[in-house]
Amino acid sequence: MASTPRSTGSAARAAKSSKQRSAASKPKRSAALAGKPDIRIFMSYSHQDAAAQAKLNTHLAPWRRNGVTVWYDENIEPGAGLSTEIARELRHAHIFVALFSPAYLDSHYCWDIEYKRAMARRARKLMRIVAVVVKPCDWKQTRAAGFKLMPKDGIPPEGWSSSDAAYVNAAQGIGEVIKAVRRELTAKPAAPVRAASKLSPQPKPRSAPPKAMTAGPGKTTVGSSTTPGKLRPRSCKAPIKR
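Rules used throughout
Within each chain, residue numbers correspond to sequence positions counted from 1 in written order. Given that the model is predicted, a residue must reach a pLDDT of at least 70 before its local features are reported, and side-chain atom pairs must reach 80 or more before they are shown or counted; all residues, however, enter totals for whole chains, interfaces and linings. Values reported for side chains reflect all heavy atoms of the structure, with hydrogen atoms and water molecules removed beforehand. The helix and strand labels rest on DSSP assignments: H or I over at least four residues marks a helix, E over at least two residues marks a strand, and numbering proceeds from the N terminus. Think of it in three bands: residues with accessible area under 20% of the maximum for their type are buried, residues over 50% are exposed, and the middle band is partly exposed, with areas taken using a 1.4 Å probe on protein chains only. Contacts were defined at the residue level, with two residues in contact if any of their heavy atoms lie within 4.5 Å. Residue exposure ignores everything except the shown protein chains as possible cover, and the areas themselves are Shrake-Rupley values with a 1.4 Å probe. Strand pairing requires that DSSP identify at least two bridges connecting the strands. Orientation is described by lines fitted to C-alpha atoms, with helices fitted over the stretch in contact, and by angles between N-to-C directions that extend from 0 to 180 degrees.

Glancing now at the overall build of the protein. Along the backbone of the protein there are seven helices and seven strands. The linear arrangement of helices and strands in the protein, starting from the amino end, is α-β-α-α-β-α-β-α-α-β-α-β-β-β. Scored against the burial criterion, the 242 residues of the protein give a buried share of 35%. Restricting to contacts in the protein with at least 6 residues of sequence separation, those with at least 24 account for 69%. Roughly 15900 Å² of accessible area belongs to the protein as shown, and the carbon and sulfur atoms make up 56% of that amount.

Have a look at this one:
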């Protein structure tokens, strides 16, 4: 995403966003009925690459009909806080898809904020990251050089026989990650629920200290010991204050 603010005054764009949100929400319910975990994808891109973002999202349509929600900043409602919504979606996303281009690598918000946050979540095993090269750029000089990029070998669409072939390859790679995340979510055991005990254990009664008993004139019995003849004198020492 570029640092340039998005225009929210276009009614056509708002209608398009609303249509995309409704299209993404319908398949989620059918996937839930089929027992498949819902998957959320956060798509990070520069606004200069909006056409590439739209094309990749089109090629992800089969997955969007299969319980996968693709979120990007066009889905932010007018009047909502941009940074707040983006931070919330980053926390909820399972997969982070970054569209690499010269504009993306040059964008402070895309590279230094969104991508950096996603990498931090990846380090904590909370998120998967997929980088898709949509335009030629020197990504090999970045921290992404050690990762597998899409399309195959990080070759941008213009280096393919057709751009659609490149986007199909990228969508298939993202699909493999979706399958892996679903397997992890399905295999994750549910937290055990402890049954409450019907009878709570009763506390043991404290043993009472032995009481002094008078055995007769001139005798004092304390427990089982007796002192014949005379009583013990009282101690004159003052009690210790704690």
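The strand order across the open sheet built from four strands is β2-β1-β3-β4, with neighbouring strands paired in parallel fashion. A strand with exactly one partner marks an edge of an open sheet, and here the two such strands are β2 (68-71) and β4 (128-133). On average, each strand axis in the sheet is inclined to that of its neighbour by 20°, with strand direction left out of account. Bridge count for strand β3 (residues 95-100) against β4 is six bridges, and the pairing is parallel. By the bridge assignment, Val-97 is partnered in β4 with Val-130. Against the sheet, helix α2 (residues 50-59) touches β1 (39-44), β2, β3 and β4, its axis set at about 135° to β3. Sitting on the sheet, helix α7 (residues 163-187) is in contact with β1, β2, β3 and β4, with an inclination near 175° to β4.

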